[in-house]
Amino acid sequence: MTKLYLGPVLSFRGGAEQGEWKVSAMIGVSDTEFFPVVRVDGVATDAPKILLRHGGKAYLRYDLSCKQQAQERRVEYRIDGVDEVWHFTVPAKGQAPRMVYVSCNGFSDANGIRKLIKGENAVWEDLLCNHDKTVRPPRYQLDKEQLWHEERTHDKGLQRFHLMVMGGDQIYFDPIWEDIKLLKKWIGLPRKEQLKYKVNAQLEKVIGDYYINFYLSRWLPSNHAPWGSSNKTLDSAHGMARIPTVMMWDDHDIFDGWGSHSPEMQRCPLFQRMFYHARRAFWVFQMQQAEEQLPELKLRTDINMRIDDPIFEPIEWSKVLKSDKLALPLFDNQPGFSFAHSIGPVSLLVADLRTERSHEQIMGPATWHSMQKWLASGIPEAGGSRHLLFVSSVPVMHPKLSLAELLMDNLGYDHVLDSSADDLKDHWTNDDHEGERKRLIETLFRTAQEKQMRVTVLSGDVHVAAWGVVSRTDTDCCDGSTQIQQLTSSAVVHPSLVSVMERLFCQMLNSLAKKKQKLDGCTEAEMMLFPASNRYVVAARNWLALELDEDMKGGKLWASWRCETKDAFTNHLLAIEPVKNG
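A brief structural summary. (Residues numbered from 1 in each chain as written. Predicted model: local features only at pLDDT ≥ 70, side-chain atom pairs only at ≥ 80, totals over all residues. Heavy atoms only, no water.)

Points about unusual backbone geometry
Put simply, the rule reads: Runs of E in the DSSP output that reach at least two residues are strands. Runs of H or I that reach at least four are helices, and both are numbered from the N terminus.
The peptide bond linking G7 to P8 adopts the cis configuration, its omega dihedral lying at 5°. On the secondary structure map, P8 appears in strand 1 (residues 6-14). In the segment running from S490 into A491, the intervening peptide bond is cis, with an omega of 10°. Topologically, A491 is positioned in the loop between strand 18 (483-488) and helix 15 (500-512). Backbone geometry at N333 places phi at a positive 60°, although glycine is not the residue there. Within the fold, N333 resides in the loop between helix 10 (317-320) and strand 13 (339-343).

Below, the structure is given as structure tokens:
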């Protein structure tokens, strides 16, 4: 028998432009002489790529890629020695993929589970029952919105979603400050001692081990029913084994507030070593790239620059990953992990908002340049994408908390366990990030106009469901290129705003959301009343489905939130029209 310590975790690798659906599967097994064989529709795959060897375990990546055909189809895969059959669904060639978006897959506070109105995995269970008919409990009842999807997917033996976009906080490393005794001791040191605290070899190893082993304990937890068991555990492990993922990190994938602490704290030796190990673990487990392929970040020394903002040397990713046929399509000449996919009538741009983050910077100049270059020339012209989905882990449009920002600036915000302060600094709407927010919005408007495509922002982070809009006010054009929608979905596991103080905060958010934000003379942002609701932000755990009309030419984008309530789940549907040519 083969014992899996992790996985399988599916990852989408691109290739749809050439009619190939590139998918990889990562597993963690004992590091022995022989690794298990993986079979796709009964055919053995090539030998796996070793991503990492650590602690007597090997983390392997297998190639599950297959050709897209005239009709979408369900693909089976097995691992020799494991009594389980997994499936994923491949879209037809040129078909827009049906996607699901989730974020915040964990707890920032160990006591958070006590705030939940249902079990920890209740939202995952709902998502997976919507995705795959075969996992539904016998008494599972469909509502009218779910019935809409039965005939076109489940009745044909298909699964609902082709891709799962995971927009940040796939794992919460916040317990590291309590679990590692030396870090707990560090918390209590005076600030001057914290800043100069040296990381010795022993602590370095403990931190490195923690960042790797924590993925095992959270991504295939001990309470997950063994693979092959008749009792399925419908959790993130189940979802990642059956829907190819597209992942990008946010702060909790490193530790709470990374990039939004003071410049002195960000540069201190301990923070730098923790980031080093978090980056390595993210590269292996979420991006499924081999450890030895990851270049070190190097600060630029050829320019006279502020030391408060990390400006790293660009990385030529196409050269670094040239020998890897399953490499993610990372943008060249940027130090971070931003990348993009184009799939039929949909383009998906996944931005790294953490590698270069500081108090006054979200992305560095090289990343801005590489992203704008792809938007100008990387989107396929033939056939034409009609929808661009920009994945921003933190909302671009959100109620602005000016008074709270002022208080934090005056009272201080440098305690590593104070999540309130760094959350405010994280927001695109923070005064220190307003310039970059305007640059992003102008870039997206220009893309919409030049490419004649509809731009929609996908975001999470804030533990509510919400809908926002940015509009150009200097034109009478109504073809759709002068309006950017933002769809916020958060969280899939983390509790929403449920305590008394959090409910009061939510009331404040709803009050502030009524006010439009004037970004400049011709651009304004506003929060919209959430579909089928009388509120602007909805304090409920949720997930978001993203599906285009079935004409395969990129018609309306249908966004459908499923929000948790005490007794059931509610549906909140929004239709986004494509840009009307001419």
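That shown, we press on.
Let's talk about the packing of helix 11 (residues 365-377) against helix 14 (residues 434-451)
Two quantities define a packed helix pair, namely the angle between the helix axes and the distance between the axes. Definition in use: Between N-to-C directions, angles span 0 to 180 degrees; the directions come from axes that are lines fitted to C-alpha atoms, helices contributing only their stretch in contact. Convention used here: angles under 35 degrees read as roughly parallel, angles over 145 as roughly antiparallel, angles from 65 to 115 as roughly perpendicular, and any remaining angle as oblique. Should the near helix be turned counterclockwise from the far one by less than a right angle, the crossing is left-handed, whereas a clockwise turn marks it as right-handed. By definition, residues are in contact when any of their heavy atoms lie within 4.5 Å.
Between helix 11 and helix 14, the shortest axis-to-axis distance is 10 Å and the interhelical angle comes to 15°. Here helix 14 runs roughly parallel to helix 11, going by the angle between their axes. Along this stretch, helix 11 crosses helix 14, giving a crossing that reads as right-handed. Residues W368, M371, Q372, L375, A376 and S377 of helix 11 pack against E436, R439, L440, T443, R446, T447 and K451 of helix 14.

Focus on helix 15
As a reminder, the rule being used: A helix's residues, less one, multiplied by 1.5 Å, set its expected span. Partly exposed residues are those whose accessible area sits between 20% and 50% of the maximum for their type, while under 20% is buried and over 50% is exposed, using a 1.4 Å probe and protein chains only. The arc in question is the one traced by the directions running from the helix axis out to the C-beta atoms.
For helix 15, spanning 13 residues, the distance from its first C-alpha to its last is 19 Å, which sits close to the expected 18 Å at 1.5 Å a residue. Within the span of helix 15, buried status applies to C506, L509 and N510. With its buried residues spanning 95° around the axis, helix 15 presents them on a single face. The exposed set on the far side of helix 15, more than 90 degrees from its buried face, consists of V500, M501, L504 and Q507. Looking at the buried side of helix 15, the elements it contacts are strand 21 (537-538).

Considerations on the environment of L548
The residue L548 is located in strand 22 (residues 542-548) in this model. L548 sits 531 residues away from E17 along the chain, and the two C-alpha atoms are 18 Å apart.

As for the sheet that holds strand 3 (residues 38-40)
Put simply, the rule is: Here the rule is simple: two strands pair whenever DSSP picks up at least two bridges between them.
Strand order in this open sheet of four strands is 4-3-8-9, and the pairing throughout is antiparallel. Of all strands in the sheet, those bounded by a partner on one side alone are strand 4 (43-44) and strand 9 (86-90).

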